[in-house]
Amino acid sequence: MTLVIIIIALALIFDYINGFHDAANSIATVVSTKVLTPFQAVVWAAFFNCVAFFIFKDHAVANTISKTVNKEFITLPVILAGLIAAIFWNLLTWWYGIPSSSSHTLIGGFAGAAIAHALSQKGITYSWGKIVESDIILSTILFIFLAPLIGMGISIFITIVTIMRNVWARLGIIAVVTFLTILLFDNFESSKMEENLQKFLKVDKYKKEVSETLAKKEANPNDVTFLNAYNTAKDKLDKALPNYNKIDALVTNFDKLGAKAIAKQAADSGWLKDIEASRLKDDVRNANDFLVLEAKATSDDKIKAEYSIAKEATEKYKDPLKKYFNKELSLDSTMVALSAIYPIAEINKANVKKKIEGFSIEKALAKDIDKADNSMIVWGIIFTSILFSLVYLYVEKVRTPTAFKVAHMFKKLQLFSSAAFSIGHGGNDAQKVMGIIGAALIANGNMQNFSDLPNWVPAACYLAIGLGTMSGGWKIIKTMGTKITKVTPLEGVAAETAGAFTLFFTGQMGIPVSTTHTITGSIIGVGATKRLSAVRWGVTVNLLWAWILTIPVSGLLAALVYYVVSFFVK
């Protein structure tokens, strides 16, 4: 437990460092255009970093980070080594004023330490593909280049639209783009709700079991064991799919019905009966230190044997729990029946009772569906479009436009655009530390899935990054705000709005991107709209090298730190 506390403390320290390291991302343009003083800007950015806590519900980026490494190789020493390496690299790049990515530092450190751990356990010939999730690493590397390119493209588009002389054409383009953006985010919401529903009803798990057992059956056609395993898995899937399809039909009307109404109808119709006992079974055995047993089983053969017994036996918890739901057993009788199947430790009995009494399948489903709701982001996009349209109309049609009035207008708008980017920054970067803390809690056996993350974790992470941002990072602010290209208020609005949209977009996809890369690409984009020579490409090339080297250097550092840590922590 002491090591977990140390890891959580280090993770929050990293989050704090991430805040002042990346303060430049949120405030560089607003400071360089003299809209706010550096102190005003960091307070402004810190506040909106924390506002992100109330907007991003599903923590998709955090979930991705926690799954960067395969569960078998996630240990507390691995996470500790990854964090130490990430903190060191972050402080080093901050000291030299290099705007490297805190996100990629963390991912590289986590993966590097895990690879070192796995190779020391399995041998140097062991496949890296079995240690880390290749898809996550590849998508992260891909977005090292895509995120700034997306930011650059959007900032160029916003700048060109803004300087169009025909205001009605400008408003028409804004309306069309807003409509298409809403459709895109609505698709994200629908996909995420379907994914959450599959996890809730364990359809995704059953599909995986069917796929794996089918492969084994085809490889061993004469083995009855594999045939039986395949048939069992297929029966589970066939039983779950009809209820999934019925609830999924309701989910498509989420905007009209809402999560609570969908969950109530599903519960009242009996579509959750089959999964009810199974989900409570998971809660009951977890409350009886099942996850602690699982975490320790990887390094102790005796505990591994006990874990195998517990895993098989506690599956039978479903029978007395079904009788409890049908009111055939009282709570006390259910506790006796559960203990007869696999003993519940005396110290855990009160917690297990509390889990059983407080369980509601209806509330659990409503919570999982509601996590995917992105309506606040969509309404924010609509509000932004309306605000920009009204400002354009006011300046162009109500008042006679002058260079001074236009510049003053964009200085005001920059407050809004920098706030939007700070929300995206908080939602993106704080979630990465949430993912690391979540991985630590899973490795220590405190929870089973990332969806069980305690509420204090996101609250602490958003607060830490907000406080870190208030501390500022003037060296990097100078690079981001002045060295790449000189930025006017109009270009500052375009860059920050483009960066904010890119972060909201990738956040919905659950892709951990770098806010540093995103805003850098956006600033380059607005510079390039003037002329390509307006961008100081020498600085840009140096930044690109820092970006490319961050993941491998962090990985190597973490591997070295892991070997040192492993001498002291087992």
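Everything numeric here is computed off the predicted structure, so don't read it as measured data.

Peer 1: Can you lay out the overall build of the protein for me, pointing to particular residues and giving the numbers?
Peer 2: Across its full length, the protein carries 26 helices and zero strands. Taking 2.2 N^0.38 as the reference for a compact globule, 570 residues should give roughly 25 Å; the C-alpha atoms of the protein span a radius of gyration of 26 Å, in line with that estimate. Principal-axis analysis of the C-alpha atoms places the extent of the protein at approximately 80 × 55 × 50 Å. Here the protein holds 570 residues, and 53% of them are scored as buried. Pairs at least 24 residues apart make up 83% of the contacts formed inside the protein by residues separated by at least 6 positions.

Peer 1: Can you tell me about the state of the cysteines, naming the residues and giving the values?
Peer 2: Under the counting rule described, the total for this entry stands at zero disulfides. Looking at cysteine 50, it has no disulfide partner, and the nearest cysteine sulfur is the one in cysteine 461, 11 Å off.

Peer 1: Before we move on, could you go through the pattern of salt bridges and cite the residues and values that matter?
Peer 2: Within the structure shown, the criterion is met by 14 salt bridges. Between lysine 199 and glutamate 195 there is a salt bridge, with the nearest N and O atoms lying 3.5 Å from each other. You can see lysine 199 and its partner glutamate 195 sitting in helix H8 (residues 167–200), four residues apart, about one turn around the helix. For glutamate 195, a relative accessible area of 36% corresponds to the partly exposed category. Note that arginine 285 is salt-bridged to glutamate 315, the shortest N-O span being 3.4 Å. Within this pair, whereas arginine 285 is found in helix H13 (residues 273–287), its partner glutamate 315 is found in the loop between helix H15 (301–314) and helix H16 (318–325), the two being separated by 30 residues in sequence. Owing to a relative accessible area of 7%, arginine 285 belongs among the buried residues under this scheme. What makes glutamate 315 partly exposed here is its relative accessible area of 30%.

Peer 1: Lay out the nonpolar core with the relevant residues and their values.
Peer 2: In terms of nonpolar packing, the biggest core is built from 86 residues, with Ile79 and Leu83 touching the most fellow members. With 14 residues, helix H21 (residues 403–443) is the largest single contributor of residues to this core. Leave out the neighbours within four places in its chain, and isoleucine 79 touches Ile7, Ile74, Phe110, Ile436, Ala439, Ala440 and Ala443. In this structure, Tyr206, Val284, Leu291 and Ala310 belong to the second largest nonpolar core, which totals 51 residues.

Peer 1: Account for H16, with residues named and values stated.
Peer 2: Considered for burial, the residues of H16 that qualify are Pro320, Leu321 and Phe325. Along H16, the residues classed as buried sweep out an arc of 145 degrees about the axis, all on the same side. Buried residues along H16 sit in contact with H13, helix H17 (331–341) and helix H18 (349–358). One or two positions beyond H16, positive phi appears at lysine 327, with a value near 65 degrees.

Peer 1: Talk me through the packing of aromatic side chains; I want residue IDs and the actual numbers.
Peer 2: Scanning all chains against the criterion turns up 14 aromatic pairs. Ring geometry for phenylalanine 73 versus tyrosine 126: centroids 5.9 Å apart, planes at 70 degrees, classification edge-to-face. With phenylalanine 73 in the loop between helix H4 (60–66) and helix H5 (76–95) and tyrosine 126 in the loop between helix H6 (102–122) and helix H7 (134–162), this residue pair connects regions lying 53 residues apart in the sequence. A residue is classified by how much of its surface remains accessible, and phenylalanine 73, at 2% relative accessible area, is buried. Both rings, one in phenylalanine 501 and one in phenylalanine 505, keep their centres 6.4 Å apart while their planes meet at 10 degrees; by these two values the pair is stacked. You can see phenylalanine 501 and its partner phenylalanine 505 sitting in helix H24 (residues 489–509), four residues apart, about one turn around the helix. Ring pairing ties together the aromatic residues Phe185, Phe188, Phe501 and Phe505, which thus form one cluster. The residue whose ring lies beneath arginine 170 is tyrosine 392, and the NZ or CZ to ring-centre distance is 4.7 Å.

Reading the values: rules and limits
- Residues numbered from 1 in each chain as written.
- Predicted model: local features only at pLDDT ≥ 70, side-chain atom pairs only at ≥ 80, totals over all residues.
- Heavy atoms only, no water.
- Helix = DSSP H or I, 4+ residues; strand = E, 2+ residues; numbered from the N terminus.
- Rg over C-alpha atoms; globule rule 2.2 N^0.38 Å.
- Buried < 20%, exposed > 50% of the residue type's maximum accessible area, 1.4 Å probe, protein only.
- Contact = heavy atoms within 4.5 Å.
- Disulfide = S-S within 2.5 Å.
- Salt bridge = Lys/Arg side-chain N within 4 Å of Asp/Glu carboxyl O.
- Core = buried A, V, L, I, M, F, W, Y, C linked by side-chain atoms within 4.5 Å.
- Arc of directions from axis to C-beta.
- Phe/Tyr/Trp six-rings, centres within 6.5 Å; stacked < 30°, edge-to-face > 60°.
- Lys NZ or Arg CZ within 6 Å of the ring centre and 35° of its normal.

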